[in-house]
Amino acid sequence: MLVEYKRELYEASAEDILQVVQNVPEEIKSILIIGHNPGLELFLAMMVRNGEQARMHRASLGFPTASLAVLSVGDENEEIPWKNVQKTSAYLHDFEVPKELATL
């Protein structure tokens with residue numbers, strides 16, 4: 001596991017976050033991005049092409065503090081290199097909001 005602090009993610013725009021993703025080394029197979037709004041919320045909106053409808057709807061309502069979005073690019077048959085990740089290339093698998101977890 002590699003943990004790397006990227007100063008450019010602090011108050012980053014959606015485009016800045018995409019640029020960081022595109023520069024991830026190919027040997028890294030998954031990433032976790034922790035950042036701030038409005039950049040993360042705009043990044044999610046920019047990236048998601050498809051997903052479970054209820055989660056997509058919830059994500060469209062906003063990205064509250066400590067929320068979690070799980071995305072993938074490509075599919076099980078095609079691995080997209082990080083450098084080729086583009087806008088609207090992601091699938092939204094999950095979207096969780098802390099306030100709503102308390103009701104489970």
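In what follows, the structure referred to is the one given above.
Residues numbered from 1 in each chain as written. Predicted model: local features only at pLDDT ≥ 70, side-chain atom pairs only at ≥ 80, totals over all residues. Heavy atoms only, no water.

**Details of a nonpolar patch on the surface**
Inference 1: Residues Leu32, Ile34, Leu68 and Val70 make up a contiguous nonpolar surface patch of roughly 410 Å² in combined accessible area.
Inference 2: Position of leucine 32 relative to the elements: it lies in the loop between helix H1 (14-22) and helix H2 (39-47). (Patch = residues over 30% accessible without salt bridge, like charges linked within 9 Å, V, L, I, M, F, W, Y side chains within 5 Å. Areas by Shrake-Rupley, 256 points an atom, 1.4 Å probe, with all protein chains shown as cover. Salt bridge = Lys/Arg side-chain N within 4 Å of Asp/Glu carboxyl O. Helix = DSSP H or I, 4+ residues; strand = E, 2+ residues; numbered from the N terminus.)

**Some thoughts on the side chain of serine 67**
Inference 1: Tracing the chain through its elements places serine 67 in the loop between helix H3 (53-60) and strand S2 (68-73).
Inference 2: In terms of polar contacts, serine 67 uses its side chain to reach the backbone carbonyl oxygen of proline 64, at 2.7 Å.
Inference 3: When residues no more than four places from it in sequence are discounted, the contact partners of serine 67 are Phe95, Glu96, Val97 and Pro98. (Polar contact = N/O pair within 3.5 Å; in protein donor to acceptor, adjacent residues only side chain to side chain. Contact = heavy atoms within 4.5 Å.)

**Description of the pattern of salt bridges**
Inference 1: This structure, assessed with the given rule, holds six salt bridges.
Inference 2: Of the charged contacts, one joins glutamate 15 and lysine 87 as a salt bridge, the two residues approaching to 2.8 Å between their closest N and O atoms. Placement of the pair is glutamate 15 in helix H1 and lysine 87 in the loop between S2 and strand S3 (90-96), with a sequence separation of 72 residues.
Inference 3: With its nearest N and O atoms 2.8 Å apart, the salt bridge here joins arginine 58 to glutamate 100. Within this pair, whereas arginine 58 is found in helix H3, its partner glutamate 100 is found in helix H4 (residues 98-101), the two being separated by 42 residues in sequence.
Inference 4: Residue arginine 58 is classed as buried on the basis of its relative accessible area, which comes to 18%.
Inference 5: The partly exposed category is assigned to glutamate 100, whose relative accessible area is 38%. (Buried < 20%, exposed > 50% of the residue type's maximum accessible area, 1.4 Å probe, protein only.)

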